[in-house]
Amino acid sequence: MRLIIAVDGPAAAGKGTLAKALAMALGLPHLDTGLLYRAVARQMILSGLDPASDDGEQTAHALQPADLLRDDLRVPEIDRGASAVATQTPVRAALLKRQREFATASGAVIDGRDIGTVVFPDADLKFFVTASAAVRALRRYQQLHGVAKPDQADLDLLAAEIEARDRKDAERPVSPLRQADDAILVETDHLDAQAVLAHALSIVKTRFAT
Ligand code: C5P
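Since this is a predicted model, take the numbers as computed values, not measurements.

The next point concerns the pairing of strand 3 (residues 108–112). Among the five residues of strand 3, five are classified as buried, and the element is accordingly described as predominantly covered. Going residue by residue along strand 3, you find Ala108, Ile110 and Gly112 tucked away on one face and Val109 and Asp111 tucked away on the opposite face as well. Sheet topology places strand 1 (residues 4–8) next to strand 3; five bridges connect them, and they run parallel. By the bridge assignment for strand 3, Val7 is matched with Asp111. Both strand 2 (residues 30–32) and strand 3 contribute to a ladder of three bridges, which runs parallel. If you follow His30 over to strand 3, its bridge partner there is Val109.

So this is what it looks like as structure tokens:
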């Protein structure tokens, strides 16, 4: 089935994990659109540009598929750079085209902040995945450091960074982070990745049962 499924939500809510698993289960391609903004920020920094104050439009147009595959895109400097460059309207316009092209041919599961509101407002199905800031910080900490018992000061710092990024994403005038009116809210505080996937798949089956 040529479905377009949008998965939006704040940082570290589990939307990427859900989108990837959903895509695999349904045999659809998956696009993590955060990687586009991260790759633009990284390329700008490498060129001596500041994602917070310099124009990123040319960099966005010049982005190559291999730029998304770097393993150094999830570091704090790029977290901040991506959310700064994501406020630039011409950068978003350049990346919008790529996102639409990716999904139009064979459908896709796409995760980000504005997929259900701006990129694919007519998506077949939309999820908005969220969790409390404390749970999201703990998950991100464990992803980064792989330890069960976190250092509280580090955890507090991470929670503050995540909340600052969410605020910036939600308050920007262009394509802010927002739940689409027709998106299904998935709260993941008390659900592990497998339970979230099972819940989402049951909705897909109910919605598209023929
Ligand atoms: O999803 P991820 O945390 O990797 O995204 C990094 C940043 O890219 C976000 O904080 C946000 O500012 C930006 N972004 C966006 N729109 C998207 C995806 C990501 O503005 N669709």
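Here the narrative resumes, following the displayed structure.
On to the site of the ligand, then. Of all residues adjacent to the ligand, which total 16 residues, the nearest are Arg38, Arg92, Arg113, Arg165 and Asp169. Measuring from an oxygen atom of the ligand, one finds a side-chain N or O atom of Arg165 at 2.8 Å. Coverage of the ligand by the protein chains reaches 98% of its 460 Å² of free accessible surface. Considering every element that reaches the shell around the ligand, the biggest residue donor is helix 2 (residues 34–46), with three residues. In the shell around the ligand, the residues fall into three nonpolar, four polar and nine charged.

In this section: helix 2. For helix 2, spanning 13 residues, the distance from its first C-alpha to its last is 18 Å, which sits close to the expected 18 Å at 1.5 Å a residue. Turning to helix 2, its buried residues are Leu35, Leu36, Tyr37, Arg38, Ala39, Val40, Ala41, Arg42 and Met44. Contacts made by the buried residues of helix 2 are with strand 2, helix 3 (57–62), helix 4 (76–85), helix 5 (89–104) and helix 8 (152–171). One or two residues past the end of helix 2 sits Gly48, with phi positive at roughly 80°.

Okay, the pattern of salt bridges next. Under the definition given, this model contains eleven salt bridges. A salt bridge links Arg113 to Asp169, with the nearest nitrogen and oxygen atoms 3.2 Å apart. Separated by 56 residues along the polypeptide, Arg113 in the loop between strand 3 and helix 6 (115–119) and Asp169 in helix 8 bring together distant segments of the chain. Accessibility classification places Arg113 together with Asp169 in one group, the buried group. Taking the shortest distance from any N to any O, the salt bridge between Asp169 and Arg172 comes out at 3.3 Å. Owing to a relative accessible area of 5%, Arg172 belongs among the buried residues under this scheme. Members of the salt-bridge network, linked through shared partners, are Arg42, Arg70 and Asp72.

Below, the discussion takes up the sheet that holds strand 2. Spatially, 2-3-1-4-5 is the arrangement adopted by the five strands of the open sheet, whose pairing is parallel. Two strands in the sheet have a free side with no partner beyond their single neighbour: strand 2 and strand 5 (184–187). Each adjacent strand pair in this sheet contributes to an overall mean axis angle of 20°, direction not counted. When strand 4 (residues 125–130) meets strand 5, the two strands line up parallel, connected through four bridges. Of the residues in strand 5, the one forming a bridge with Phe127 is Ile184. Taken strand by strand, helix 9 (residues 193–208) contacts strand 1, strand 4 and strand 5, and its axis lies near 160° from that of strand 4.

Analysis parameters
Residues numbered from 1 in each chain as written. Predicted model: local features only at pLDDT ≥ 70, side-chain atom pairs only at ≥ 80, totals over all residues. Heavy atoms only, no water. Buried < 20%, exposed > 50% of the residue type's maximum accessible area, 1.4 Å probe, protein only. Helix = DSSP H or I, 4+ residues; strand = E, 2+ residues; numbered from the N terminus. Pairing = 2+ DSSP bridges. Near = heavy atom within 4 Å. Polar contact = N/O pair within 3.5 Å; in protein donor to acceptor, adjacent residues only side chain to side chain. Areas by Shrake-Rupley, 256 points an atom, 1.4 Å probe, with all protein chains shown as cover. Nonpolar A, V, L, I, M, F, W, Y, C, P; charged D, E, K, R; others polar. Expected span 1.5 Å × (residues − 1). Contact = heavy atoms within 4.5 Å. Salt bridge = Lys/Arg side-chain N within 4 Å of Asp/Glu carboxyl O. Axes fitted to C-alpha atoms, helices over the stretch in contact; angles between N-to-C directions.

In short, the description is geometric, and any link to function would need to be established separately.
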